Amino acid sequence: MIFKFSDFKKSFPIIFILTFIVLNIEAQNVKWSKDGNSYTRVESGQIVQYALPGQTKTTLVGAENLTPAGTSAPIAFRDYSFSEDGQKILIFTNAKRVWRYPTRGDYWVYDRTTQALTQLGKGRPSSSLMFAKFSPDGQKVAYVSEHNLYVENLSDGSIRALTQTNGTKKLINGTFDWVYEEEFDCRDGFHWSPDSKKIAYWQIDANKVKDYLMINTTDSTYPRAVPVEYPVVGENPSPYQIGVADVSTGSNVWMNIPGDHENTYLPRMDWAANSDQLIVEQLNRKQNESTLMLCNAMTGAANPIYQEKNAAWIDAPPVETFGEMKAWDWINGGKDFIWVSEKDGWRHIYRISRDGKKETLITKGDFDIVDKLEVDEKGGYVYFTASPNNATQRYLYRQKLDGAGKPELMSPAAEKGNHHYSISPNGRYAQHYFSNYYTPRQGEMVSLPDHKPLDASKDILSKIQTMAPADSKLSFFQVKTVDGVTLDGWMVKPANFDSTKKYPIVFEVYTEPAATTVNDEEGAGENRLYLGDMAQDGYIYVSLDGRGTPSPKGAAWRKAIYRKIGTVNIRDQAMGATEMFKRWPWIDTSRVAVWGWSGGGSTTLNCMFQYPDIYKTGIAVAAVADFLTYDNIYEERYMGIPQENKEDFVNGSPITYAKNLRGNLLYIHGTGDDNVHYKNAEELQNELIKYNKQFQFMSYPNRTHGIFEGAGTRLHLATLYTQYLREHCAPGGR
């Protein structure tokens, strides 16, 4: 994948991110052939193939092939996937949203040999199938429907329920509950065995998780309760099991994974490079101990092979958001696997033996890898992104699998900014996208390792040479705080800037471990909630990344926030602003605004309440006001367990400091927010009322965390934001 939603998911403004990623990136990504010498993509509703290196185009599936019998229009499909032999294609259509993503819908199979188009899951409810995928031999398709796992035989259309229809809203087979999806990126919860005879799957039991009751007052005459199994911080996790189902008999074997399943997590699982064993990762409740186990698929016996501990937390390996979960790369005939760890203080790639007894550090040095992209075992390299010298940028590197030598820079050194890649399985080609703060996103197909464009007319380097940073109103800077912490930042100065005048300043904030805001890429410095041009209107627009953000600056930087969200990150923002005021006298310290969404909304509130002398106006959207109301996986990972250190949650929560409000506050929340519940808004309102603190509040009826549903919502939100900012933090130099 080129982009992962986990990079952005709690950032802001979430609706614009959702729109960009889901609608645009999916359509633009290529799907590589198994041998890596060609790729397919969707063009004008057809699936076309490009053979490399010449990029010879062939139409594999035309609109006429995707028109069901008795109809006149082809299927409008959202995604597709191939069988191992490339002769059958799964078509995903009629997608419906499940929490954040449209992951359930209808599936059709197109057989390129017979030219037959067949719908799967006949008899199942419309748009109820999830994560359908071919068996490796291409003879069957497995899918989830209404929390049960099914296998359909493509030769005769027969369907077998592998979970014996025991799935319910609370007993979840082959997929996950809300919190696993939100915090571990777990969606697709089953895997075919390589021999096509078995399927391994998660079962999540949410029966003991309390329902969080939201109220829908808009869709019927009488209000109705909307229950969501939502484990609030301090509540036990949902128990899990891993089952292995025999697709021919429907019999199940449960893995005997040790430990208390109500106080641990199992975020990753897959077949261990054969059809006899599974490999799983188990995290303890605090998520600071990771154990890898091999499980016997026939007996269920589990054998721990590798363990890691951390004083703060351990991140589960990233997975492909829109693809099948893949956390392990097996090499050397299944004798070794590739793993990512921060155990030496930096995020590095390791090679681990199958029994866990031998490990080799592949990437060495005082730098972080950002993403592990592709393992080219035949060529002897692993490809990854990193940026050792500038945390706001990303570049492609490769390193020998035996760890010998130094990392080799693949991205052109002249292209300063952010590079994103999808690399072919053979490591010979890559889909490459590049942008920086003054260069719009550019795409090309390149060969590797020389990084030469296959089509000279799309050469990014020649394009960016015609663009100049001087044309941009944005600049990057660093500021060192009184605490000795150096923060990266960007700034957009007003048009026709006059250093003898004083201008209002608006800070865009997030500051938590899920996302950075200071990135040298297209979109930096844009405020999509502001109607108009902030620079033309006379605002200074700024963002700072402090400690705790996932910048590639080492584990100590990222984990300085452990048990200190709401204190360390807020102080970094305030001290950074203070240093800026000292450095640049043209900042009007009487007109200082701050805004953010979700975690950025929490930061906005804390800035306003903890440092009222600095921040005069705040706009907080969908903020967590009380850290004791948010979900257990996120809060306990970064803050500990409230039964042991409740004072840290209290000390970081904005509601604790609400009595200090002196400036202008606009607080915005959707009543249908299933992520940061509306309870936060009412708790905060009560606290502000208690101390007679005047503020402005806007609720959006039945809108979720993104506040985008319903006619006129986006424009109304942007208008509200813009008018409030202009009224309380007036634009223009004085």
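All chains use their own residue numbering, which begins from 1 and follows the written sequence. At least 70 in pLDDT is required for a residue's local features to be given in this predicted model, at least 80 for side-chain atom pairs to be given and counted, and no such filter applies to totals for whole chains, interfaces and linings, which use all residues. Hydrogens and water are ignored here; the side-chain numbers use all heavy atoms of the structure.

This paragraph deals with the overall build of the protein. A count of helices and strands for the protein gives 11 helices and 43 strands. Taking 2.2 N^0.38 as the reference for a compact globule, 734 residues should give roughly 27 Å; the C-alpha atoms of the protein span a radius of gyration of 26 Å, in line with that estimate. Its C-alpha atoms give the protein principal-axis dimensions of roughly 75 × 60 × 60 Å. Looking at the protein as a whole, 59% of its 734 residues qualify as buried. Residue pairs at least 24 apart in sequence account for 59% of intrachain contacts in the protein once pairs closer than 6 positions are excluded. Only DSSP runs of H or I covering at least 4 residues are called helices, and only runs of E covering at least 2 are called strands; the numbering of each starts at the N terminus. What the globule rule says is 2.2 Å times the number of residues to the power 0.38, and the radius of gyration is computed from C-alpha atoms. With a 1.4 Å probe rolled over the protein chains alone, any residue whose accessible area is under 20% of its type maximum counts as buried; one over 50% counts as exposed, and the rest are partly exposed. Note on contacts: a residue pair qualifies if any of its non-hydrogen atoms lie within 4.5 Å across the two residues.

In this section: the confidence of the model for the protein. pLDDT is defined as a per-residue confidence score from the predictor, taking values between 0 and 100. Confidence in the prediction for the protein averages 92 pLDDT; 94% of positions are at 70 or higher. Predicted confidence is poor over residues 1-27, with pLDDT under 50, and the contacts of this stretch with residues over four places away or in other chains come to 86 contacts.

Our focus in this paragraph is the state of the cysteines. The definition used for a disulfide is geometric: two cysteine sulfur atoms within 2.5 Å. By the definition in use, this model includes 0 disulfides. With no disulfide of its own, Cys-295 lies 16 Å from the sulfur of Cys-186, the closest cysteine sulfur. For Cys-295, a relative accessible area of 0% puts it in the buried group.

Turning our attention to empty space enclosed by the protein. Each cavity reported here is a set of points on a 1 Å grid over the protein atoms alone in which a 1.4 Å probe fits but cannot get out, each pocket an open set with protein on both sides within 12 Å along at least five of seven lines, and each lining residue one with an atom within 4 Å of a point. Grid points are joined across faces, edges and corners, and a volume is the space filled by probe spheres set on the points. With the rule as written, the count across this model stands at 2 cavities of 30 Å³ or more. Volume-wise, the largest cavity comes out at about 120 Å³. The wall of the largest cavity is formed by 13 residues, among which Arg-97, Trp-99, Arg-100, Asp-674 and His-705 lie closest to the centre. Here the term charged refers only to Asp, Glu, Lys and Arg, the term nonpolar to Ala, Val, Leu, Ile, Met, Phe, Trp, Tyr, Cys and Pro, and the term polar to all other amino acids, Gly among them. Residue composition of the lining of the largest cavity, by class: 3 nonpolar, 4 polar and 6 charged.

For two strands to be treated as a pair, DSSP must find no fewer than two bridges joining them. Here 5 bridges tie strand S42 (residues 664-670) to strand S43 (residues 696-700), and the two strands are oriented parallel to one another. Bridge assignment links Tyr-667 to a residue of S43, and that residue is Phe-697.

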